[in-house]
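Descriptive structure summary
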Amino acid sequence: MDNKNLKFFERMLKERLEEITSNINLRNTNLIELYAANLKDQSDIVSANLQGELDFLMIQKHGLELKDIMHSLQKIKNKSYGICEMCDDEIDIQRLKVKPHAKYCINCRELHEKSKNRGER
Ligand SMILES: [Zn+2]
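Residues numbered from 1 in each chain as written. Predicted model: local features only at pLDDT ≥ 70, side-chain atom pairs only at ≥ 80, totals over all residues. Heavy atoms only, no water.

1. Looking at the side chain of D55
Structurally, the position occupied by D55 is in helix 2 (residues 42-77). Using a relative accessible area of 0% as the deciding quantity, one classes D55 as buried. Those residues in contact with D55 that lie beyond four places of it in its chain are R27, N30 and L31. (Helix = DSSP H or I, 4+ residues; strand = E, 2+ residues; numbered from the N terminus. Buried < 20%, exposed > 50% of the residue type's maximum accessible area, 1.4 Å probe, protein only. Contact = heavy atoms within 4.5 Å.)

Spelled out as structure tokens, the structure:
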């Protein structure tokens, strides 16, 4: 991948990183407020619990994406970005534009999904 594209994806990944970080912070603040709130009404408590669970799940999900993004930024530094981690082929640029932290090319991604669904590793 040439430098121009590397810079492009580096910027994209960093923007995503900031977005996710602020989203996690926001949800953290939500959780803290939820638990600090002195809820008496049963329906308030139920909806607060649901909201808290959702916030928690989103934080977990974002945390995983954050990990992949950091990994991709590292790969940009050592110039291995855009290379499939399974078959060493180049990952399609269009695919990276949709998912800049993709680790695998589309073929390996499908294989990976299939083997995961069958419970194989
Ligand atoms: Zn591949």
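Having seen the model, we can carry on.
2. Concerning helix 1 (residues 3-36)
An α-helical turn contains 3.6 residues, so any two residues separated by three or four positions project in the same direction. An ideal rise of 1.5 Å per residue puts 50 Å on 34 residues; helix 1 measures up with 49 Å between its terminal C-alpha atoms. For helix 1, the complete set of buried residues consists of L6, F9, E10, L13, L17, I20, I24, R27 and L31. Buried residues belonging to helix 1 abut helix 2 and helix 3 (93-98). (Expected span 1.5 Å × (residues − 1).)

3. Quick word on the pattern of salt bridges
Tallied over the full model, the rule gives eight salt bridges. Note that R16 is salt-bridged to E65, the shortest N-O span being 2.9 Å. In this pair, R16 is assigned in helix 1 and E65 in helix 2, connecting sequence segments 49 residues apart. In this structure, the salt-bridge partner of K75 is E85, at a minimum N-O distance of 2.7 Å. Separated by 10 residues along the polypeptide, K75 in helix 2 and E85 in the loop between helix 2 and helix 3 bring together distant segments of the chain. Residues participating in the shared-partner salt-bridge network are K7, E10 and K14. (Salt bridge = Lys/Arg side-chain N within 4 Å of Asp/Glu carboxyl O.)

4. What to know about unusual backbone geometry
One non-glycine residue, K79, lies in positive phi territory at about 60°. Assignment of secondary structure puts K79 in the loop between helix 2 and helix 3. Residues other than glycine seldom take positive phi values, yet D88 does so here, at roughly 65°. With respect to the secondary-structure elements, D88 resides in the loop between helix 2 and helix 3.

5. Focus: the coordination of the zinc ion
Tetrahedral coordination by four donors sets the ideal angle at the metal to 109.5 degrees; octahedral coordination by six donors sets it to 90 or 180 degrees. The protein atoms that coordinate the zinc ion are C84 (SG), C87 (SG), C105 (SG) and C108 (SG), at distances of 2.2 to 2.3 Å. Considering all four donor atoms around the zinc ion, the spread of angles at the metal, 105 to 116°, places the coordination shape in the tetrahedral class. Considered as a linear motif, the donors of the zinc ion on their single chain read C-x2-C-x17-C-x2-C. (Donors = N, O, S within 2.8 Å, 3.2 Å for Na, K, Ca; no water. Tetrahedral: all angles 85-135°; square planar, octahedral: opposite > 155°, others 65-115°.)

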